[in-house]
Amino acid sequence: MSSTADITLKTAFSVVTVIGITGNILVCLVVLLNNSMRTPMNYLLVNLAISDITLLLFFTPLFIFRGAFEHPTGTSGDVLCTFITGGTFAWSGGYTSAFFLVAIAIERYFAITRPHDIRKRITMKKLKYVVGTCWFLALAFNAIGFLVQRYNEEEKFCREEWPFAHSPKVYSALSLTTIGLIPVLTMFVLYSRVVQTLWGQSNRCTSEGFVKVAAIRNRKKVTKIVLTVSTVYTLCWLPELCVYTTSAYDHSLVKGNIAYPAAVALVTVNSAVNPLIYCFHSGRFRQNLVALICGGRRRSESLRDFDDESHSKKASTDIQKMSTLVMDSTAVDSLSQPAIPVCHRSNEAHV
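Scoring rules and cut-offs
- Residues numbered from 1 in each chain as written.
- Predicted model: local features only at pLDDT ≥ 70, side-chain atom pairs only at ≥ 80, totals over all residues.
- Heavy atoms only, no water.
- Disulfide = S-S within 2.5 Å.
- Helix = DSSP H or I, 4+ residues; strand = E, 2+ residues; numbered from the N terminus.
- Buried < 20%, exposed > 50% of the residue type's maximum accessible area, 1.4 Å probe, protein only.
- Axes fitted to C-alpha atoms, helices over the stretch in contact; angles between N-to-C directions.
- Parallel < 35°, antiparallel > 145°, perpendicular 65-115°, else oblique.
- Left-handed = near helix turned anticlockwise from the far one by under 90°.
- Contact = heavy atoms within 4.5 Å.
- Nonpolar A, V, L, I, M, F, W, Y, C, P; charged D, E, K, R; others polar.
- Salt bridge = Lys/Arg side-chain N within 4 Å of Asp/Glu carboxyl O.

Asker: How should I be thinking about the state of the cysteines in this particular structure?
Answerer: Think of a disulfide as a covalent bridge from one cysteine sulfur atom to another cysteine sulfur atom. According to the stated counting rule, one finds one disulfide in the structure shown. The residue that forms a disulfide with Cys 81 is Cys 158, at a sulfur-sulfur distance of 2.0 Å. Linking Cys 81 and Cys 158, the disulfide has an S-S dihedral of approximately -90° and is accordingly described as left-handed. Taken together, the positions of Cys 81 in helix 3 (residues 74–85) and Cys 158 in strand 2 (residues 157–160) put the pair 77 residues apart, joining distant regions of the chain. For the pair Cys 81 and Cys 158, one class covers both residues: buried.

Written out as structure tokens, the structure is:
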């Protein structure tokens, strides 16, 4: 790779890393510093942000600072490659993102298609098991990375040292399947059902009235956010997994060219772009983010539209005042209590 291309890639990695780490830290703070945000759905998004921070942070010695320092050799070099400069923790963070996106897709599926079945929802009690399982699966799948990363005297840096010639081929194929194809297909199937359920009833006259329409409208907002995040993941990760698999079968096809660094750059973009997606789709997120940066917290403008249940309760309260009805706010989430029989067409332009 030419020096110009190397400088360009390092600059791009640096910019994306700074933006990504800063943005994901702000996402965590916005959620954790607002009591109304401490919900299962939002905690899944926080863990997604933490996994993105892990990937970006541990990619810096591999793609930004490489060549800027003399790497230790011998045993100390092997240890450093295993835990810091080899990028194993970075890939573990990236793999965790895949599992959390699948968990979010499952949560959305049951929340939209089976709103009455509380047993299928992710509660705060179940959340710790979901989070622990996602991190465990990612670390377990990538545990082999801690075993094969070693310092290479010829390259003066870290390199995978596999015990058998066919090992990288098997592992790369498993990575493409486990981290790429299975999560993407799972999210596609689940979100197809979610979209069919939500948008299939958007223009239909309903007898449940304003309460149900408000809940459906808010659930569309949440679905748009996570669907966009999942789409970006697919577009950014599949090229890298394909290039990695190709390299394992014939390293000469990618050796010395820009294909692999460019594919990895897409992965870092995926980790950095999620906070921008939240800002683009959520006005209240922007308001709370500005309040956080300015050092204030707007209690009256709590960011709730990350989670459709909490925001639906607010919509229920507003509608109660307008219609002078007295009804339980939980009816918005379960959609089990009928409101005024009103025919209402939701305005998609404001969703």
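So that's the structure; there's more coming.
Asker: Hey, could you run me through unusual backbone geometry in this one?
Answerer: Excluding glycine, most residues fall at negative phi; most peptide bonds, likewise, are trans. If you check the backbone angles, Lys 156 has positive phi at about 60° while not being a glycine. Looking at where Lys 156 falls in the secondary structure, it is placed in the loop between strand 1 (149–152) and strand 2. Take Lys 156: its relative accessible area is 51%, and that puts it in the exposed class.

Asker: Honestly, the packing of helix 2 (residues 40–63) against helix 4 (residues 88–113) in this entry has me stumped. Any pointers?
Answerer: A pair of packed helices is characterised by two quantities: the angle between their axes and the separation of those axes. Across the interface, helix 2 lies against helix 4 with an axial gap of 7 Å and an inter-helix angle of 160°. In terms of their interaxial angle, helix 2 and helix 4 are classed as roughly antiparallel. Relative to helix 4, helix 2 is oriented so that their crossing is left-handed. Between helix 2 and helix 4, the contacting residues are Met 41, Leu 44, Leu 45, Asn 47, Leu 48, Ser 51, Asp 52, Thr 54, Leu 55, Phe 58 and Phe 59 on the first element and Phe 89, Ala 90, Trp 91, Gly 93, Gly 94, Thr 96, Ser 97, Phe 100, Leu 101, Ile 104, Glu 107 and Arg 108 on the second. Within the contact of helix 2 with helix 4, the residues separate by chemical class into 13 nonpolar, seven polar and three charged.

Asker: Sorry if this is basic, but what is going on with the pattern of salt bridges here?
Answerer: Taken as a whole, this structure holds five salt bridges when the rule is applied. Between Asp 117 and Arg 119 there is a salt bridge, with its nearest N and O atoms 3.4 Å apart. Of the charged contacts in the structure, one is a salt bridge between Glu 155 and Arg 159, with a shortest N-O distance of 3.5 Å. Residue classification places Glu 155 among the partly exposed positions, given a relative accessible area of 39%. Overall, the relative accessible area of 36% leaves Arg 159 in the partly exposed class.

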